[in-house]
Amino acid sequence: LDDPGVRGWLERQRSDATTPAPAATTAAPPAPAAPDQLATRLEAVRVHLRSIAAAAPRLPAEIERASSLLLGEVKERGLVEILLLLVGFVALGYGVEWVFWTATASLRRWIGERPVRTVAERLRLVGLRLAYGLSLVAIFGIGSIGAFLVFAWPPLLKAIVLSYLLAVLIVRLALILGRIVLAPGSWGLHEPERYRLLPMPTASACFWNGRVGLFVGYYAVGWLTVGLLGPLGFSPEARVLIGYA
């Protein structure tokens with residue numbers, strides 16, 4: 001205990017014990033109770049609905065303004081030139097796809113006549129059909145995008161056509177997946193039920209393939225249409241109102 005190092009250590013321990021502890025940090029505010037959170041959310045919903053209702057009377061004027069913007073582009077370029085641009089866009093897309101479809105007729109027959117005796121043969125056939133379907137969509141997309149590289153488009157019309165081109169590609173991809181899974185009988189398949197991944201009658205496969213394409217198309221067109229309302233000058237409240245509709 002007489003050792004200087006031990007005595008210094010004891011003094012430090014004594015001073016630490018007598019030093020008052022630092023004040024506790026300010027406690028975090030308590031989380032709001034569940035009823036308060038619910039009331040806050042309900043108030044936010046009420047304000048949102050009031051803003052949407054207030055936008056409804058302004059909707060005709062906003063539609064008229066958007067129409068004026070489109071008509072201004074049409075008048076600037078001329079109706080005939082706009083129609084030629086649209087015809088060229090459709091012709092390039094479907095024309096290139098038609099050439100590919102005609103040139104690969106023997107390939108489609110070869111794919112349709114592939115045997116499906118084993119699991120490996122079925123998986124190989126699924127891969128071939130999927131690759132062919134994706135090639136069709138890719139050829140159509142390349143041909144359509146070529147129209148934007150060849151011609152000069154007005155800004156608004158270009159945004160509209162590109163948006164609906166994307167919708168068409170989404171729908172076609174959904175239909176291709178439906179043909180792979182449901183095999184409704186397209187692409188020259190003989191006895192399509194042999195290639196169907198989900199067992200069901202051919203009539204049911206055709207029904208559900210069409211309904212899936214309809215649902216995907218409705219969603220894609222609606223989603224992209226609401227996205228186009230911003231460039232057309234619609235207010236945020238009007239865009240939300242049209243999206244709800």
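Residues numbered from 1 in each chain as written. Predicted model: local features only at pLDDT ≥ 70, side-chain atom pairs only at ≥ 80, totals over all residues. Heavy atoms only, no water.

Concerning the overall build of the chain
Definition in use: Strands are runs of DSSP state E lasting at least 2 residues, helices are runs of H or I lasting at least 4, and numbering of each runs from the N terminus. Relative accessibility thresholds used throughout: buried, under 20% of the residue-type maximum; exposed, over 50%; partly exposed, between the two (1.4 Å probe, protein chains only). Residue contacts are defined here by distance: any two heavy atoms, one from each residue, within 4.5 Å place the two residues in contact.
Across its full length, the chain carries 9 helices and 0 strands. Taken from N to C terminus, the helices and strands of the chain fall in the order α-α-α-α-α-α-α-α-α. Considering the chain as a whole, with its 245 residues, one finds that 28% of them fall into the buried category. Partitioning the contacts of the chain with sequence separation of at least 6, the portion at a separation of at least 24 is 70%.

Re the confidence of the model for the chain
Note the threshold: For every residue, the pLDDT score states the predictor's confidence, bounded by 0 at the bottom and 100 at the top.
Across the chain, the average pLDDT comes to 84, with 89% of residues at 70 or higher. The secondary-structure element of the chain with the lowest mean pLDDT is helix 1 (residues 4-18), recorded at 72, while helix 8 (residues 202-228) shows the highest, at 92.

Things to note about the nonpolar core
Selection criterion: For the purposes of this section, nonpolar cores are sets of buried Ala, Val, Leu, Ile, Met, Phe, Trp, Tyr and Cys residues that join through side-chain atoms within 4.5 Å.
Judged by nonpolar contacts, the single largest core of 15 residues is most densely connected at Phe 89, Phe 148, Trp 153, Leu 157, Val 161, Leu 165 and Leu 169. Of all the elements in the fold, those that place two or more residues in this core are helix 4 (79-103), helix 6 (119-150) and helix 7 (155-182). Here Leu 165 is in contact with Phe 89, Phe 140, Ser 144, Ile 145 and Phe 148, once residues within four sequence places are set aside.

Concerning a nonpolar patch on the surface
Using the following cut-off: In this scheme, patches are assembled from residues that exceed 30% relative accessible area and form no salt bridge. Like charges are connected within 9 Å, while nonpolar side chains (Val, Leu, Ile, Met, Phe, Trp, Tyr) are connected within 5 Å. In these tables, accessible area is a Shrake-Rupley quantity obtained with a 1.4 Å probe, and a residue counts as shielded only by the protein chains included in the view. Salt bridge, as applied in this entry: a Lys or Arg side-chain nitrogen positioned within 4 Å of an Asp or Glu carboxyl oxygen.
A cluster of nonpolar side chains, contributed by Leu 92, Ile 145, Leu 149, Val 150 and Phe 151, occupies part of the molecular surface with about 480 Å² of accessible area. At 3 residues, helix 6 tops the list of elements feeding residues into the nonpolar patch. Within the secondary structure layout, Leu 149 lies in helix 6.

Comments concerning the pattern of salt bridges
For the structure on display, the rule yields 5 salt bridges. Across the pair Glu 43 and Arg 46 runs a salt bridge whose closest N-O atoms are separated by 2.4 Å. Of this pair, Glu 43 and Arg 46 both sit in helix 2 (residues 34-55), 3 residues apart, which is roughly one turn of that helix. Arg 46 gets classed as partly exposed once you look at its relative accessible area, which sits at 38%.

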